[in-house]
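Coordinate inspection notes
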Amino acid sequence: MTPEIAVLLAQDGITTGAIYVLVALGIVLIFLSTRVIFVPFGDVVGYAALTLAALQLKRIPGTVWLVLTLAAIATVVEVYGLTRRHQARRIPQALLYYAALPVAPAATAYLAAGYDLPMWAGIPITFAVVLPISPLLYRIAFRPLADASVLVLLIVAVAAHFALSGMALVFFGPEGFRTAPLTRAFFSVGPMTVSGQSILVVASAAVFGLLLFLFFERTLNGKALRATAVNRVGARLVGIELSNTAATAFLLASALAAISGILIGPITTLYYDSGFLIGLKAFVGAIIGGLVSYPATIVGAILVGLGESYASFWNSALKEVIVFGSLIPILLWQSFATRGGVVEDVEEEEGESRT
Amino acid sequence: MTTLLSVEDLHVSYGKMEAVSGVSLDMQAGQIVTVIGPNGAGKTTLLSALMGLLPCKGRSRYESDDLTALSTEERVRRGICLVPERRELFSDMTVADNLILGAYTRWRERRAVQADLDEVFRRFPKLAERRRQLAGTLSGGEQQMLALGRALMAKPRLLLLDEPSLGLAPLIVREIFRIVVGLRELGVSILLVEQNARAALETADFGYVLETGCVVHSGPAAGLAHDPRVIASYLGGKVEPSS
Amino acid sequence: MKRVRSRLVMLIAIALVAVAPAIFGSFTITLMNYIGIYAMAALGLVLMTGIAGLTSFGQAAFVGIGAYATAWYTVAHGGSPWIGLLLALALTALVATILGVATLRLGGHFLPLSTIAWGIAIYFLFGNTDALGRYSGLSGIPPIAIGPLSFEGTIAVYFFIWAVLGIVMLLCWNLLDSRQGRAIRCLRGGTALVESLAIDSFRIRLAVFVLAALLAGLSGWFYAHIQRYVGPIQFDIDAGIELLLMALVGGAGQIAGAVVGSAIVTLAKNVLQDVLPAITSYSGQFEAVVFGVVFIILLQKARGGVVPIIKKYLPRPEQNVLPIKASPLPRRQRTSAPGQAVLAIEGATKRFGALAAVNKVSFEVKAREVLGLIGPNGAGKSTLLNLITGVLKPNTGTIVFQGADITKLPPRRIAAAGVARTFQHVKLRPNMTLLDNVLLGIYARTRAGFLAGALRLDRAEESAARAEALHQLRRVGLGDRYGDLAGNLPLGQQRLLEVARALAADPTLLVLDEPAAGLRRLEKQTLSDLLRDLRTQGMTIILVEHDMEFVMNLVDRIVVMDFGVKLAEGLPAAIRADGRVQEAYLGGVA
C-alpha cells in the first residue's frame, strides 16, 4: 500500500464513516430514549436514497405507498384506542398527526413524480416523505409494547426490518440505483484531490451532530429526552410523557436517516437491501461507543468507515466478513472492560405470559 | 377542611403476589399524614400505586377526579408529586437541569419557573452552590434535597414522600423533617412513608400503620405515638422510649 | 389419572406422525420432512432463547455450518454422509464454542446484537469462499444411506427425520428435568441467584449455546442431504429470523413449541407461496412482509406462543414424581468446634462513589451461633452481606471463611465452600415448582452432567436429591405444596421457600437477609423454631432483621451497624441498654 493509496482510502473511509456517524447517532438517540434497538433504521436510510433515485427517474417512489399504509394503520390504531378510552376529543389531533401530516408529503411526491424535478425540489420532497416512517413504525409496532423488555423490543425491531426490507423489494425491484451527485466540484488540497461530495458529507455530519448537541443542551425537550435516557422512572415522576419523548426521538432519528440516505445516494449504488447493511455497520460503530455516549458513537462510526475502506482494499470479497466479524473482539473487549462491575445484569422482566 | 385524597379498598399485586390488600385511607387538605410499618409491608408499593406507576384495583379520588383514570404524567400535572425512596434523579445531568425538568409540566410559565428555581435555591443553599455539578456526584443528603427540590418545582399540592430519612445522618434527617413541616405551611399536603416511625409520628397529623399489605392501626399521630402496640412494634422494640 | 391422560396425548401425536404417509400424498410428506428438519433447529432456539433467555438471530448460520460441512465433505471428497454428520456436528460445536466463549459474557441486548453480526459474517463467508462454491453453492450432494438401504425416497427419509426428532426431543425433555436442566431453566431472571447457588452461569450458558448449535448442525446435515444442494442464501440472517419466529410462534419455553412453530411457519409459507404470486410479482419478499407483520402482532398479543394456549385445554402433567425410597445425600462435615470463628471479617470497606456503604467493619461469627446484624435502613447491612457472599468485592479488608481467604472469590465459589443465602428482595424462579426451586439449592451437592441427565442415568442421585428437597420443604412448612409454582405463593411463604432452598445446600454458614419481613406471626414463630433447630444441629447463621422481637428472642450475639460503621457488638441485653444504639434507632427529632 503506497502512502497515496492510504490517504485515498482514508478519505474514502472518513466519507462513509461520516454517513455512519449520522445513522449511528439516530440509532443511539432512539435506543437511549426508548430502549428500542431500531434495526430497521438502515432500511429507512435505504428508502430515502431510493426515493430520491425514483424521483430523479420520474417514477412514483414506492415509499409513497409505504407511508400511506403505515399512516392508515397508525390512524386506525390511534383512533380506536382513543375511542376505547373515551377520549374522542383528541381524535382531530390524532388525525392531524397520524393522517394529514404524513399523507401531505406523500401526496406531493405522488403528484410531482413524472416531472423533471430540480435537485432543490427533489431533496426536500424525499426528506418529507421519509420523515414520518420511523415515528409511524413506533406508533404501530413499539408503543403498544412500551413495558416490554429490551429483548422483546429488539425482536420486534428485527421483525419490522423483515417487513420493511421485503416491501422495499416490492417497491423498488431488485436493480440498483445511484442518484445524481449533489456536487461535481473537486478541490486540490496539497497533493491530493478531495471531492466536493465528500466535503459535503463530512460537513453535513458535523452540522447535524452540532444541531443535535444544541438541542440536547439548550432546549427543554432535548433535556427531557436526555432525562428519559438517564432515568425513565424519574422522567415519569416529573411528568414527562414517555410516548411523547419516544415519538420525538423517532422523528429526529428519521430526519437523520433521511439526510444520510440523500447523502449516500450519489456515492454508491444502492439496492433494496443495502440500507440494512449500512444500518448494521452504523450499529457496529454505535456498539463500539457502547450504545451510551454520543461522542464515542461518532468515533466508533468513523472507525468502522475507515476499517471498511482498508478492508476492501485488502480483500474486497471479505470486507463484510471483516467488518461484522470485528464486532466479536470489540464486544469481548467491552465485556472484559466492564467485568467485575455489576454482577446482576438487568433483571429481565418476567411478566411474560408463560404457563 | 376538604378531603384531598380518598383511597378505598386498594389492592396492588406483583403477578400473583398481592403486596397491598385492601388499604383505605383519607387525607385532608393541608395535613401531613404518615404511613409507617416494617420493611415489606407494602408502603412503597402503596405510594407507587397512588402515583400511577403500578396498576391497582380499588377506588381512589383526588379532589374531584377519579385518580384511577389518570396517567402518572396527568397526576403530576394535577399537582401530585412523588419523591421516591431511590430518589430517581437524573444523575448524569446538572443540579440546575434536574430542577428545571422538575417543572417540565409548567413549560408554558417560563417566568414563574425561573422564580421558583430561585426560591428552591434559596431554600436549599447547598443546591445553589452546586447548581453546575452533576446530580450523581452529590452526597446522600444533597441528593435527597435535590429530589425534594425537583418535586417542589412542579408546584405540588399533594407531595408523596417515600423514606426521606433513608441513609441520612441524624442532623440531616432533622433538617429534612424541618423542611417537610415548612412545606405544610405553604399549603402542600404531605403523605409521608417512613421507617423512622418516631420522627414521622412527631411530624404528622394523622398516621396509619401498615403490616403485610393491610392497615392494622390508624388514628391521630399523637395518639399512635403513645399506643402501646405501636410502641412495641415500631418505636424500638422493648426499648422504652426515652420521653 | 392425569399422568395417563397426558401420556395419551403424546401417544396420539406419535401415532399421527407414524400413519401420516399412509394418509397424505408425497407433497405433504415432503412438507413434513422440512417441518421436522426446521423443528430440530427451532428446538435449539427453544432451549437457548425460550428457556435460557439467550436470544439468537444467528441459528441459521449454524444450520449452514452443518450443511456446508457435510456438503463439502461428500461432494468435494466423495465421503460418506455419516462421516459428514460427525464433521457437521464437530464443526458446529467448535464454531459455537469459540463464538460462545467470545460473546456469552455479554449482558442483555449485546448478545443478540452480536448474533446478528456473526450471523451475517458467516453468511458472507459462505458466499465468498471458493471451496464452498461462492454464491452458487454446492450441488450434487448424495442422499443418506445405510449400506444398501438408501433414504432417498420421501417416505423413507420421513421416518428417519421424525424418529431422530422424536429422540432429540425426548433427550431435551429429560435434560430439562435433571440437575443441569434446572440450572438452564434458572438462567433466566438474573445471574445473582444463579451464582449464589454455586452454579457457573457462564458454563451453563455456553453448554446451552453449544447444544443449540449442535441441534442446528444436525438440522443442517439433514437439510443438505435432502435438498441435495446448499447455497449461502438459505442460511442468511432472514433464515435465522424465520427460525426464531418458529420458536416464538410455537411457544419459546416449550419443547413441543419447536414442532408446532415449525409446522405453522412452514405451512403458512407454503400457503403464501400459492397465494402471493397472484397478487405480486415479488412473492418471495412479500412473504417476508407477511411474516414480519405476523411476528409483531404475535409479540404484542400472544408473547407466550401457541403451545401454552393449547396446553390450557390439556391436562397438566404431574412433573415431579416423588421418590418412594432413596439413599440420603452425603452431608457436609462441619469441622469448626463451637466458639471457633467460622467467618472473620477484618476491616472491610466498600465505597460507592464518595459514599462508604461499609466502612472498616470487623467482627467474627463463631461456629454454631446465630448472629444478628441490625441497624436502620441504609446502614450498610445488605452491602455487608453482599461482601460476605462475594456479590460485591470490598475496596479494602479481608473476609476469611473457615480459615480460607474468600475476599476475592466469585460468589459461586463461596457458595460451593458452604455459604448459602437468602435475598432481601426474594429471588425465586416463579415459573418453576417449589420442589424445583429447592432442588436448585442442591446443585452443588450433586454431580450429574448433561449427558447423564438427558439419558436418565442420574435417577439414583435425582431421587436422593428430591427426597432431600422435599425434606427441606417440609421443614419450612411447605411440604404439601411441592408441585405448585413458586410465583403463586404469597410473599411470606416465598421467603420461607428461599430458606428451604438455602438449607438444601447443606451450608456451614447460612446468611439470611430479612427472612421474617412480610411473615405472619405464626410463620415467624415457625421460622424462629427452625433456626433454633439448625443451630442445635451445628449450623452457623447470620441474620439481618428489623423485627426486634424476632431478633432479641433468637440470636446469641448482635452486631449493630449505622452509616456503614460497626456501632456496637455484644449480647442482646447489652445492646438493648446501649445508648448509642437507641440514638441510632430512635433518631430523635428536635
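Residues numbered from 1 in each chain as written. Chains lettered and ligands numbered in written order. Predicted model: local features only at pLDDT ≥ 70, side-chain atom pairs only at ≥ 80, totals over all residues. Heavy atoms only, no water.

Looking at the overall build of chain C
So the rule is basically this: Strands here are runs of E lasting at least two residues and helices are runs of H or I lasting at least four, both read from the DSSP assignment and numbered beginning at the N terminus. Only heavy atoms matter for contacts: two residues are in contact if any of them lie within 4.5 Å across the pair. Positive residues here are Lys and Arg, negative ones are Asp and Glu, while His and the chain termini are left out of the count. Positions of charges follow a simple convention, taking NZ of Lys, CZ of Arg, CG of Asp or CD of Glu.
Of regular secondary structure, chain C possesses 23 helices and 14 strands. Oriented by its inertia axes, the alpha-carbon framework of chain C measures out at about 90 × 55 × 45 Å. Partitioning the intrachain contacts of chain C with sequence separation of at least 6 by distance along the chain shows that 74% fall at a separation of at least 24. If you average the places of the 55 positive and of the 37 negative side-chain charges in chain C, the two averages end up 2 Å apart.

What to know about the overall build of chain B
The test is simple: Atoms counted for the radius of gyration: C-alpha only. Globule rule: 2.2 Å times residue count to the power 0.38. Relative accessible area decides the class of each residue, using a 1.4 Å probe on protein chains only: under 20% of the type maximum gives buried, over 50% gives exposed, and in between gives partly exposed. Areas reported here follow the Shrake-Rupley algorithm with a probe of radius 1.4 Å; residue values treat only the protein chains shown as occluding.
Along the backbone of chain B there are ten helices and ten strands. Its C-alpha radius of gyration of 18 Å places chain B within 12% of the 18 Å reference for a compact globule of 243 residues. Here chain B holds 243 residues, and 56% of them are scored as buried. Intrachain contacts of chain B at a sequence separation of at least 6 include 66% that bridge at least 24 residues. Element-wise, carbon and sulfur atoms account for 50% of the exposed surface of chain B, whose accessible area totals about 10,100 Å². Each charge sign in chain B was given a centre, from 29 positive and 29 negative side chains, and these centres are 4 Å apart.

Things to note about the sheet that holds strand β11 (residues 509-513) of chain C
Residues and elements named next belong to chain C. Quick reminder of the rule: By definition, two strands form a pair when at least two bridges between them are found by DSSP. The axes used here are C-alpha line fits, helices contributing only the stretch in contact, and every angle between their N-to-C directions lies in the interval 0 to 180 degrees.
Across the sheet, six strands lie side by side as β10-β11-β12-β7-β13-β14; this open sheet has mixed pairing. What marks the edges here is a single partner per strand, and that holds for β10 (419-421) and β14 (565-570). Pairs of neighbouring strands in the sheet enclose a mean axial angle of 20 degrees, with direction left out of account. When strand β13 (residues 557-562) meets β14, the two strands line up antiparallel, connected through five bridges. Its bridge partner lying in β14, Val-560 is registered against Ala-568. Packing of helix α19 (residues 491-504) onto the sheet brings it into contact with β10 and β11, and relative to β11 it is tilted by some 165 degrees.

A few points about the interface of chain C and chain A
Test applied: Accessible area that two parts lose when put together, evaluated with a 1.4 Å probe and summed over both, is termed the buried area. Each polar contact in these results corresponds to two N or O atoms within 3.5 Å; when the atoms are within protein, one needs to be able to donate a hydrogen and the other to accept it, and residues that are neighboring in sequence are counted only if both atoms are side-chain atoms.
Each side of the interface is counted separately: chain C has 58 residues, and chain A has 59 residues. Both faces considered, chain C and chain A share a buried interface measuring about 5,100 Å² in area, 73% of it formed by carbon and sulfur atoms. For the interface between chain C and chain A, the tally reads three residue pairs in polar contact (both at pLDDT 80 or more). Sorting the residues of the side of chain C that touches chain A by element identifies α4 (81-103), α5 (110-128), α8 (191-196), α10 (237-250) and α12 (283-301) of chain C as the ones contributing at least two each. Here the side of chain C that touches chain A gets twelve residues from one element, more than from any other, and that element is α5(C).

With respect to the sheet that holds strand β10 (residues 214-220) of chain B
All names here are of chain B. With mixed pairing, six strands are arranged side by side in an open sheet as β6-β7-β8-β3-β9-β10. This sheet does not close on itself; its edge strands, each paired only once, are β6 (80-83) and β10. Strand-to-strand twist of the sheet, defined as the mean angle between neighbouring strand axes without regard to direction, takes the value 15 degrees. Two elements, β6 and strand β7 (residues 158-162), share four bridges in a ladder whose sense is parallel. For Ile-80, the partnering residue across the bridge sits in β7 and is Leu-158. Contacting β6 and β7, helix α6 (residues 140-152) runs over the sheet at an angle of about 170 degrees to β6.

Points about the domain arrangement of chain C
Residues and elements named next belong to chain C. We apply this condition: Where each domain begins and ends is defined by an automated method or by a domain database. Salt bridges are identified by distance alone: a Lys or Arg side-chain nitrogen within 4 Å of an Asp or Glu carboxyl oxygen.
Domain parsing of chain C yields domain 1 (2-17 + 27-311), domain 2 (338-418 + 508-518 + 538-590) and domain 3 (427-506). Between the C-alpha centres of domain 1 and domain 3 there is a distance of 31 Å. Roughly 2,200 Å² is buried in total at the junction of domain 1 and domain 3, and carbon and sulfur atoms are behind 57% of that figure. On inspection of domain 1 and its partner domain 3, the count reaches four salt bridges. Residue Arg-182 pairs with Glu-462 through a salt bridge whose shortest N-O separation is 2.9 Å.

Considering the nonpolar core
Convention followed: By nonpolar core is meant a set of buried Ala, Val, Leu, Ile, Met, Phe, Trp, Tyr and Cys residues that side-chain atoms within 4.5 Å join together.
Ile133(A), Phe142(A), Phe57(C), Phe62(C), Phe222(C) and Val230(C) are the most contacted members of the largest nonpolar core, which has 226 residues in total. At 18 residues, the largest contribution of residues to this core is made by helix α7 (residues 150-172) of chain A. If you count residues domain by domain, this core takes at least three from each of domain 1 (2-17 + 27-311) and domain 3 (427-506) of chain C. Those residues within four positions of Phe142(A) in sequence are excluded, and the remaining contacts are Val36(A), Phe38(A), Leu137(A), Leu153(A), Val156(A), Ala157(A), Phe250(A) and Gln300(C). Of all hydrophobic cores here, the second largest spans 75 residues; its members include Phe124(B), Leu152(B), Val173(B) and Val230(B).

So, unusual backbone geometry
Backbone phi values are negative for most residues with the exception of glycine, while trans is the configuration of most peptide bonds. Not every positive phi belongs to a glycine, and Glu63(B) is a case in point at roughly 50 degrees. By secondary structure assignment, the location of Glu63(B) is in the loop between β4 (57-62) and β5 (65-66). Residue class for Glu63(B) comes out partly exposed when judged on its relative accessible area of 36%. Despite not being glycine, Gln402(C) has its phi angle at roughly 50 degrees, a positive value. Mapped onto the elements, Gln402(C) comes out in the loop between β8 (396-401) and β9 (404-405). What makes Gln402(C) partly exposed here is its relative accessible area of 29%.

Regarding the side chain of Ser33(A)
Here Ser33(A) lies in helix α1 (residues 3-34). Sequence-distant contacts of Ser33(A), defined by excluding residues within four places in its chain, comprise Leu225(A), Thr228(A), Ala229(A), Arg232(A) and Ala249(A).

Quick notes on the confidence of the model for chain B
Residue and element names in this part refer to chain B. Going by this rule: Confidence scores per residue from the predictor, reported as pLDDT, run from 0 to 100.
Averaged over every residue, the pLDDT of chain B is 87; the share at 70 or more is 95%. Taken element by element, chain B is modelled with least confidence in helix α10 (residues 228-234), mean pLDDT 73, and with most confidence in helix α3 (residues 95-102), mean pLDDT 95. Scored below 50 in pLDDT, residues 237-243 makes nine contacts in the model with residues more than four places away or belonging to other chains.

What about a nonpolar patch on the surface?
Note the threshold: Patch definition: residues with relative accessible area over 30% and no salt bridge; like charges joined within 9 Å; nonpolar side chains (Val, Leu, Ile, Met, Phe, Trp, Tyr) joined within 5 Å.
A contiguous nonpolar patch, built from Leu8(C), Met10(C), Leu11(C), Ile12(C), Ile14(C), Leu16(C), Val19(C), Ile23(C) and Phe24(C) and spanning about 900 Å² of accessible area, is present on the exposed surface. Structurally, Leu11(C) can be placed in helix α1 (residues 2-23).

Some thoughts on the domain arrangement of chain B
Residue and element names in this part refer to chain B. To be explicit about the condition: When residues are grouped by polarity, Ala, Val, Leu, Ile, Met, Phe, Trp, Tyr, Cys and Pro land in nonpolar, Asp, Glu, Lys and Arg in charged, and all others, Gly among them, in polar.
Domain assignment breaks chain B into domain 1 (1-79 + 156-243) and domain 2 (83-154). Each of domain 1 and domain 2 has a C-alpha centre, and the two are 23 Å apart. With 18 residues of domain 1 at the contact, the number on the domain 2 side is 15 residues. Of the roughly 1,500 Å² buried at the junction of domain 1 and domain 2 (both faces included), carbon and sulfur atoms supply 70%. When residues of domain 1 are sorted by the area they lose upon contact with domain 2, Pro-156, Asp-162 and Ile-179 head the list and together hold 27% of the total. Counting the contacts that link domain 1 with domain 2 gives zero salt bridges. Linking domain 1 with domain 2 are three residue pairs in polar contact (both at pLDDT 80 or more), by the criterion used here. If you list the elements that add at least two residues to the side of domain 1 that touches domain 2, you get α2 (72-77), β7 and α7 (170-185). Residue composition of the side of domain 1 that touches domain 2, by class: 13 nonpolar, one polar and four charged.

Focus on the environment of Glu217(A)
All names here are of chain A. Here Glu-217 lies in helix α8 (residues 196-218). Sequence spacing of Glu-217 and Ile-298 is 81 residues, and the spatial spacing of their C-alpha atoms is 18 Å. Setting aside chain neighbours within four positions, we find Glu-217 in contact with Lys-223 and Arg-226.

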